[in-house]
Every structure is written in C-alpha cells, then in structure tokens.
Amino acid sequence: MKNLFLTLFCTLVAFTFAYSQNPPASPRVTAENGNIKIVYGQPSKKGRVIFGAEGSQSLEKYGKVWRTGANEATVITFKKDGKLGGKDVKAGDYAFFTIPGEKEWVIILNSEVKQWGAYNYKQDKDVLRVTVPATSSKEPVEKLTIEAKDNAIVLGWDTAGFSVPVKF
C-alpha cells in the first residue's frame, strides 16, 4: 500500500513539473552574419499598440530608453572592429538599447551587458549613440524582428523600425 501511494505521489509530482515547463512568451532569438551577432527576446504584437507618445496606451513610449526586445537586455556582439552609423565600434559584447521616435531612433551600445530590461540602464555606461531616421511599413510585423545584414542592422515591429549602417 505504501508503494502504491509513493508511486502515485511521484507520478503526480512528475506531471506537475512537466506541465509547468512552458516555453517563454518571448523566446530568445539570434540574428547573425559574419561580423555581428544579436541575441534578443522576441515579443509579439498580439493586437497591442507598440509605439506611441507618453500618455498613450502603447507598450513602448517615444523618447524613452527601450531594451530593444523582451526580458533580458539585447546583446550585440561585434566580432571585429567596425563602424555603426559611421562611428567606430571596438570588437566585443554590448547591451543594445534604442530610444524609439516617430521621426528618428537613437541607437545605443552600452557596456553593461548583463541587465534585465532597461530598469537599471545607466547612460554613463554608453559606449556609442547614433541617431537614424525612423522607417515604417504598411503591413504590421507581428514579431519583433532584428536582422544583422552585411551593411546594416534592420529592426521592424508593428509598423515602425529603423536601419542603421554597419561597416567592417
């Protein structure tokens, strides 16, 4: 009888543990080319307004530092020295933040890589800031998408985005 109860208890614990292992709502995604690797949490639009002015119901506000993804801060690795938006970047790992705007975005590389979101973001740890024009699309992009191309880093989510040139 004891063995039966022990077996049932162990089975119940195993099922409980198995069902609690849900995949994250925003999975980690890697965008990579020969010289750049970007690892970010990929949130979905899910019918929400993504970018908007302060006081709006948008998820991310114009003019505010954003982790450029979900969960942990996005990490961008430059495998060799290069240029981002015309500014020199040394090889290494950086936290990748942005400040979204209607007309332009500020792209930020920050030296403090291990961060959760932008909650403890410190501007004095910025290594580089560059401003690029905002882009827009007619069709909304459901999942945040960051591409590491040979000559640019391109971001699109909902109907907003940017492209920042890179050169090696």
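Read on for a plain summary of the structure. The structure presented is a predicted model; accordingly, all values stated were derived computationally and were not measured.

Helices and strands together make up the secondary structure of the protein chain, namely one helix and eleven strands. The helix and strand sequence of the protein chain, counted from the amino end, reads α-β-β-β-β-β-β-β-β-β-β-β. Across the 168 residues in the protein chain, those meeting the buried criterion constitute 38%. Of the contacts made within the protein chain by residues no fewer than 6 positions apart, 53% connect residues no fewer than 24 positions apart. Surface summary for the protein chain: the accessible area is close to 9900 Å², and the carbon and sulfur share equals 55%.

A word on the environment of Val 89. As for its placement among the helices and strands, Val 89 is situated in strand β7 (residues 87-89). Note: C-alpha distance between Val 89 and Leu 128 (39 residues apart in sequence) is 7.8 Å. Look past the residues within four positions of Val 89 in its chain and what remains in contact with it is Phe 78, Asp 81, Gly 82, Lys 83, Leu 84, Tyr 94, Leu 109 and Leu 128.

Here we take up unusual backbone geometry. Despite not being glycine, Lys 46 has its phi angle at roughly 50°, a positive value. You can see Lys 46 is positioned in the loop between β2 (36-41) and β3 (51-52). You will see that Thr 68, though not glycine, has its phi angle at about 60°, which is positive. The residue Thr 68 is located in the loop between β4 (60-61) and β5 (70-78) in this model. Under the relative-accessibility criterion, Thr 68 is labelled buried at 0%.

Attention now goes to the sheet that holds strand β11 (residues 152-167). Taking strand neighbours across the sheet as the criterion, the nine strands line up as β1-β2-β5-β8-β9-β10-β11-β6-β7 in an open arrangement whose pairing is antiparallel. Edge positions in the sheet fall to β1 (28-32) and β7, since each has one partner strand and no second. On average, each strand axis in the sheet is inclined to that of its neighbour by 35°, with strand direction left out of account. One ladder, built from eight bridges, connects strand β10 (residues 126-148) with β11; its direction is antiparallel. Its bridge partner being in β11, Ile 146 is matched across the sheet by Leu 155.

Another aspect to go through is the pattern of salt bridges. It is possible for side chains of opposite charge to pair when their charged atoms get near one another. Evaluated as defined, the whole model comprises five salt bridges. Lys 79 is paired through a salt bridge with Glu 32; the nearest N and O atoms lie 2.6 Å apart. On the criterion of sequence distance, the pair formed by Lys 79 in the loop between β5 and β6 (82-84) and Glu 32 in strand β1 is long-range, its members being 47 residues apart. Look at Lys 79 and you get partly exposed, because its relative accessible area is 41%. Judged by relative accessible area, which is 47%, Glu 32 ranks as partly exposed.

General note: in soluble globular proteins, nonpolar side chains tend to be found buried as a group. Of all hydrophobic cores here, the largest spans 28 residues; its most connected members are Ile 38, Ile 76, Leu 84, Ile 107, Leu 109 and Ile 153. Looking at this core, the elements with two or more residues in it are β2, β5, β8 (92-99), β9 (104-110), β10 and β11. When sequence neighbours within four positions are dropped, the list of residues in contact with Ile 153 reads Ile 36, Ile 38, Ile 76, Leu 84, Phe 96, Ile 146, Glu 147, Phe 162, Ser 163, Val 164 and Val 166. Counting seven residues, the second largest nonpolar core, distinct from the first, contains Ala 95, Phe 97, Ile 99 and Val 106.

About the thresholds
Residues numbered from 1 in each chain as written. Predicted model: local features only at pLDDT ≥ 70, side-chain atom pairs only at ≥ 80, totals over all residues. Heavy atoms only, no water. Helix = DSSP H or I, 4+ residues; strand = E, 2+ residues; numbered from the N terminus. Buried < 20%, exposed > 50% of the residue type's maximum accessible area, 1.4 Å probe, protein only. Contact = heavy atoms within 4.5 Å. Areas by Shrake-Rupley, 256 points an atom, 1.4 Å probe, with all protein chains shown as cover. Pairing = 2+ DSSP bridges. Axes fitted to C-alpha atoms, helices over the stretch in contact; angles between N-to-C directions. Salt bridge = Lys/Arg side-chain N within 4 Å of Asp/Glu carboxyl O. Core = buried A, V, L, I, M, F, W, Y, C linked by side-chain atoms within 4.5 Å.

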